[in-house]
Amino acid sequence: MGNRYWFWVLVRLGVGVAIVAWAASYLGTGSGEKEFQKTLDAMKQVHSFRVALAASPGTQHNEMLWEVDCNRDLFHYQWHVSDSSRPEMGMSRDELHVANQEFDRESDGSWSKPKYAMGGRGAKWYCSNLAQGSDSYLLPPIATMIKRGILQKGDKKTVNGVRCRDWLVATRGGPNGIEHDTVCIGLKDYLPYEMTVDWERARSSFSDYNSPIQFDAPESVSQSASASTGSN
């Protein structure tokens, strides 16, 4: 009887030690929250980037491109949407924001100032949010994921020539109440290079961090950028 008692004491002690060790490994160094904090800190140093998104929620298909250059206060946005159930409703836009000015691409390829500007946020607004560690609504919402997400380490892979690690993120949201996302974070620079959102059937890729971005814009628009930012 005595031996059996001590046997179960040791079993329970072993289970308790295993639980404590698991909790320590989850909460200690190397946890998802700390890895994502490195990403949040890395994004504070971003001054230019490119985002390409494709999403197919329901019968729609959306393709979007954002190009942001904070140093020149330039923000380029392209958007095309189509709907297989209503093919005649397809729409496209191509906008270039230079400081507080907006230029729209016409059907002949030229740029012009719209009579009624759509407005919206310029490059410096997005980069200001990044510098403050807030969600920019273009790059992945890392700050929100740290606060509200359940983070699980995934596999390593290559995105646009960059080695990164996938992280599985579960947060409240989406039609079913729980949104399942993935974010691939660079192994060397901790910047995000890909994000997927399950319920939108969406994939975004991120590239050209802090690299010169060539904008397909006429000389007059470039001169407006130089005048607005005081650059040469």
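Residues numbered from 1 in each chain as written. Predicted model: local features only at pLDDT ≥ 70, side-chain atom pairs only at ≥ 80, totals over all residues. Heavy atoms only, no water.

**Some words on the state of the cysteines**
The tally for this structure, following the rule as stated, stands at 2 disulfides. The disulfide that involves Cys164 links it to Cys184, with 2.1 Å between the sulfurs. Between Cys164 and Cys184, the S-S torsion sits near 95°, and that sign places the bridge as right-handed. Highlighted residues: Cys164 in strand β8 (residues 162–172) and Cys184 in strand β9 (residues 178–186), separated in sequence by 20 residues. In this structure, Cys164 and Cys184 share a single accessibility class: buried. Indicated for the chain is the disulfide connectivity 1-2, 3-4, based on numbering the bonded cysteines in sequence order. (Disulfide = S-S within 2.5 Å. Helix = DSSP H or I, 4+ residues; strand = E, 2+ residues; numbered from the N terminus. Buried < 20%, exposed > 50% of the residue type's maximum accessible area, 1.4 Å probe, protein only.)

**A closer look at helix α3 (residues 123–131)**
In an α-helix, one turn spans 3.6 residues, which is why side chains three or four residues apart end up on the same side. Of all the residues in α3, the buried ones are Ala123, Tyr126, Cys127, Asn129 and Leu130. Viewed along the axis of α3, the buried residues span an arc of 155°, placing them on a single side of the element. On its buried side, α3 packs onto α2 (32–43), β1 (48–55), β2 (60–69) and β3 (74–83). Following α3 by one or two positions, Gly133 has its phi on the positive side, about 80°. (Arc of directions from axis to C-beta. Contact = heavy atoms within 4.5 Å.)

**Examining the environment of Ile146**
Relative to the helices and strands, Ile146 resides in helix α4 (residues 142–148). For Ile146 and Lys34, which are 112 residues apart along the polypeptide, the C-alpha to C-alpha distance reads 8.6 Å. With sequence-adjacent residues up to four places away left out, Ile146 is seen in contact with Glu33, Phe36, Gln37 and Leu40.

**As for the packing of aromatic side chains**
Any aromatic ring pair is given by two values, namely how distant the centres are and how the planes are angled relative to each other. Under the counting rule described, the total for this entry stands at 6 aromatic pairs. Residues Trp125 and Tyr137 carry aromatic rings whose centres are separated by 6.2 Å and whose planes lie at 20° to one another, so their mutual orientation is stacked. Of this pair, Trp125 sits in helix α3 while Tyr137 is found in the loop between α3 and α4, placing the two residues 12 residues apart along the sequence. On the accessibility criterion, Trp125 (31% relative accessible area) is partly exposed. For Tyr137, a relative accessible area of 61% puts it in the exposed group. One aromatic cluster is present, built from ring pairs that chain together Phe75, Trp125, Tyr126 and Tyr137. (Phe/Tyr/Trp six-rings, centres within 6.5 Å; stacked < 30°, edge-to-face > 60°.)

**Quick word on the nonpolar core**
Grouped together as the largest cluster of nonpolar side chains are 40 residues, with contacts concentrated most on Phe36 and Phe49. Dropping the residues within four chain positions of it, Phe36 is found in contact with Ile142, Met145, Ile146, Leu151, Trp167, Val169 and Ile185. (Core = buried A, V, L, I, M, F, W, Y, C linked by side-chain atoms within 4.5 Å.)

**A closer look at the environment of Glu95**
Relative to the helices and strands, Glu95 is located in strand β4 (residues 91–98). Put simply, Glu95 and Pro114 are 19 residues apart on the chain and 9.9 Å apart in space, counted from C-alpha to C-alpha.

**Quick look at the sheet that holds strand β5 (residues 101–105)**
On the basis of which strands lie adjacent, the open sheet formed by 11 strands has the order β6-β5-β4-β3-β2-β1-β11-β10-β9-β8-β7 and antiparallel pairing. Whereas interior strands pair on both sides, the edge strands pair on one side only; in this sheet they are β6 (111–112) and β7 (150–159). (Pairing = 2+ DSSP bridges.)

**Brief notes about the side chain of Arg50**
Mapped onto the fold, Arg50 is located in strand β1. Looking at Arg50, its side chain comes within polar contact range of the side chain of Glu67, at 2.7 Å. Here the side chain of Arg50 touches Asp208 through a polar contact of 2.4 Å, side chain to side chain. (Polar contact = N/O pair within 3.5 Å; in protein donor to acceptor, adjacent residues only side chain to side chain.)

All quantities given are derived from atomic positions and should not be read as evidence of function.
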